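Structural description and commentary
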Amino acid sequence: MSYADAKKEYEKYGIDTDKAIEKLKNVSVSLHCWQGDDVRGFDTDPNKPLTGGIQTTGNYLGRARTPEELMADIDEVLKLVPGKVKLNLHACYAIFDDENPWVDRNKIEPKHFKKWVDFCKERGLGCDFNPTFFSHPKCDPLTLSSPNEETRRFWIEHGKACIRISEYLAEELGEPCIMNIWTGDGFKDIPADRLGPRERYKESIDEILSEPYDFNKVKPCIESKVFGIGVEAYTVGSAEFALSYAAKNMDKCIPLMDNGHYHPTEVVSDKIPALLAFFPEIALHITRPIRWDSDHVVLFDDETKEMAKEIVRCGGLDGKVKIALDYFDASINRISAWTVGFRNVQKALLYAILQPDCLKELQDKNNFTKLMVMQEELKTLPFGEVWNEYCKDCKAPVDGEWFEKVEKYEKDILMKRA
Ligand code: RNT
Ligand code: ZN
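Before going into details, it helps to say that this report is about the structure given with it. Not measured: the values here are computed from a predicted model.

**Details of the coordination of the zinc ion (ligand 2)**
- Around the zinc ion (ligand 2), the protein contributes the donor atoms E223 (OE), D258 (OD), H285 (ND1) and D326 (OD), at 2.1 to 2.2 Å from the metal centre.
- In this structure, the zinc ion (ligand 2) is coordinated by six donor atoms arranged in octahedral fashion, with angles at the metal of 72 to 174°.
- In primary sequence terms, the donor set of the zinc ion (ligand 2) follows E-x34-D-x26-H-x40-D. Of this pair, D258 sits in strand β8 (residues 254-258) while D326 is found in the loop between β12 (321-325) and α10 (334-353), placing the two residues 68 residues apart along the sequence.
- Judged by its relative accessible area of 0%, D258 is buried.
- Owing to a relative accessible area of 9%, D326 belongs among the buried residues under this scheme.

Right under this line is the structure:
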């Protein structure tokens with residue numbers, strides 16, 4: 001079937017595929033740099049274990065070990081994905097060299113991200129940012145919620161430094177920078193004090209956000225979590241904590257939901273409209289949890305589609321919903337992992353834009369019988385043709401045409417990184 005034929009099929013339902021393609025082209029999705037090196041970064045010993053309750057598993061060949069390698073890998077991904085990309089950096093990806101030697105996380109400055117700014121400028125990308133409150137000797141294991149004042153200070157200074165870096169990124173690149181605050185603070189076993197750490201966490205975020213910044217340029221987010229590996233019994237930044245903080249400080253920050261951070265039968269698709277009834281802007285980390293926050297590569301699966309539908313229906317594509325990816329698989333080719341996940345989020349968004357407006361009307365008229373019939377029939381419309389057309393329009397490879405490029409890159413580049 002040709003695209004023209006597919007377009008006619010969609011027209012029967014009052015759906016304009018050309019318009020859908022145009023719409024998606026302008027939506028930016030943030031590509032996480034940390035898929036390329038298993039969340040290790042460049043500022044600490046790369047052989048140290050990850051801490052903070054997150055884990056990568058697998059030892060596939062070709063992990064990026066230097067800024068140059070990571071940039072080359074990101075470039076490869078950029079060739080393979082359609083749509084508007086924003087880069088998402090973590091503070092641990094600061095670049096140190098002879099001119100700017102290593103400093104600890106409380107002392108990092110915009111200059112340590114100058115090379116990333118150049119990278120983004122050359123490719124026309126915006127950039128998001130994250131303070132790195134994990135995998136560091138100063139995690140005791142707590143950071144912003146630590147009872148040790150010296151530890152807590154260190155991490156507050158880190159957070160403030162990151163606000164300054166985020167503002168620099170926004171100003172240099174001319175796009176707002178989403179700066180996400182997530183810590184793995186919590187306990188493996190039953191705590192004796194649950195309130196104390198949360199009070200200290202709250203005070204610490206207050207202090208970080210007291211650093212002056214333009215809220216139009218820097219969008220601090222508060223990300224919640226349910227539990228992590230080794231942090232099973234208690235998480236300081238729980239859902240209630242993070243959401244309450246964001247609700248009380250709407251002029252300074254926005255809530256961030258990661259769909260790996262809830263109990264297994266809870267769905268973020270349903271939480272998106274719940275939050276948008278109160279918050280003008282929200283942020284998302286899209287991932288794929290299997291039994292826990294396992295951060296598997298995002299698939300074109302039901303919940304990803306459902307989240308995309310809610311983003312679209314709630315008007316989220318016009319900037320209300322900040323979309324970022326957050327997964328890390330070290331057991332397969334990392335370029336492919338990045339590409340599959342990014343393409344699937346794009347696919348899900350396109351699929352969602354192609355849902356007809358009449359569905360809402362059917363719901364409002366209590367016509368649930370027809371609603372079910374329609375929703376089921378829409379699933380077998382010739383979506384693949386529209387997706388391929390979108391890829392072509394974006395000058396990206398269509399399905400079936402990109403994986404051989406990854407295989408070649410693996411052979412020519414990644415295999416030599418032994
Ligand atoms: C961890 C959180 C967090 C991290 C990144 C690396 O559970 O999801 O967002 O994955 O900051
Ligand atoms: Zn996340």
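Moving on, there is more to tell.
**Details of the environment of K84**
- Checked against the element boundaries, K84 lands in strand β2 (residues 84-90).
- Accessibility expressed as a relative area gives 34% for K84, which makes it partly exposed.
- Linking K84 and K416, residues 332 residues apart in sequence, is a C-alpha distance of 31 Å.
- Among residues more than four places away in sequence, those in contact with K84 are K25, N26, V27, S28, V29, E175 and F342.

**What to know about the packing of aromatic side chains**
- Enumeration according to the criterion identifies 13 aromatic pairs in this entry.
- For the ring pair F42 and Y93, a centre distance of 5.3 Å and an interplane angle of 85° mean the geometry is edge-to-face. Residue F42 is located in the loop between β1 (28-32) and α3 (67-80), and its partner Y93 is located in the loop between β2 and α4 (114-123); the two are separated by 51 residues in the primary sequence. Y93 matches F42 in its accessibility class, with the two residues each being buried.
- With 5.9 Å between their ring centres and 40° between their planes, W387 and Y390 make a pair best called tilted. With W387 and Y390 both in helix α13 (residues 383-393) and three residues apart, this pair spans about one turn of that helix. Like Y390, W387 is buried.
- Taken together, the ring pairs in this structure connect F133, F154 and W155 into an aromatic cluster.

**Things to note about the packing of α10 against α13**
- Running from N to C, α10 and α13 cross one another at 120°; their axes reach a closest spacing of 11 Å. Of the possible angle classes, the one that applies to α10 and α13 is oblique. Here α10 runs over α13; the crossing is right-handed. Contacts between α10 and α13 involve R343, Q346, K347, L350 and Y351 from the former and F383, V386, W387, Y390 and C391 from the latter.
- Split into classes, the residues belonging to the contact of α10 with α13 amount to seven nonpolar, one polar and two charged.

**Concerning the pairing of strand β6 (residues 218-223)**
- The buried fraction of β6 amounts to six of the six residues, a majority that puts the element mostly inside the structure.
- Side chains V218, P220 and I222 project from β6 onto one buried face, and the interleaved K219, C221 and E223 project onto a second face that is buried too.
- Of the strand pairs in this sheet, strand β4 (residues 177-181) and β6 are connected by five bridges, and their pairing is parallel. The residue of β6 that forms the bridge with M179 is P220.

Conventions used here
Residues numbered from 1 in each chain as written. Chains lettered and ligands numbered in written order. Predicted model: local features only at pLDDT ≥ 70, side-chain atom pairs only at ≥ 80, totals over all residues. Heavy atoms only, no water. Donors = N, O, S within 2.8 Å, 3.2 Å for Na, K, Ca; no water. Tetrahedral: all angles 85-135°; square planar, octahedral: opposite > 155°, others 65-115°. Helix = DSSP H or I, 4+ residues; strand = E, 2+ residues; numbered from the N terminus. Buried < 20%, exposed > 50% of the residue type's maximum accessible area, 1.4 Å probe, protein only. Contact = heavy atoms within 4.5 Å. Phe/Tyr/Trp six-rings, centres within 6.5 Å; stacked < 30°, edge-to-face > 60°. Axes fitted to C-alpha atoms, helices over the stretch in contact; angles between N-to-C directions. Parallel < 35°, antiparallel > 145°, perpendicular 65-115°, else oblique. Left-handed = near helix turned anticlockwise from the far one by under 90°. Nonpolar A, V, L, I, M, F, W, Y, C, P; charged D, E, K, R; others polar. Pairing = 2+ DSSP bridges.

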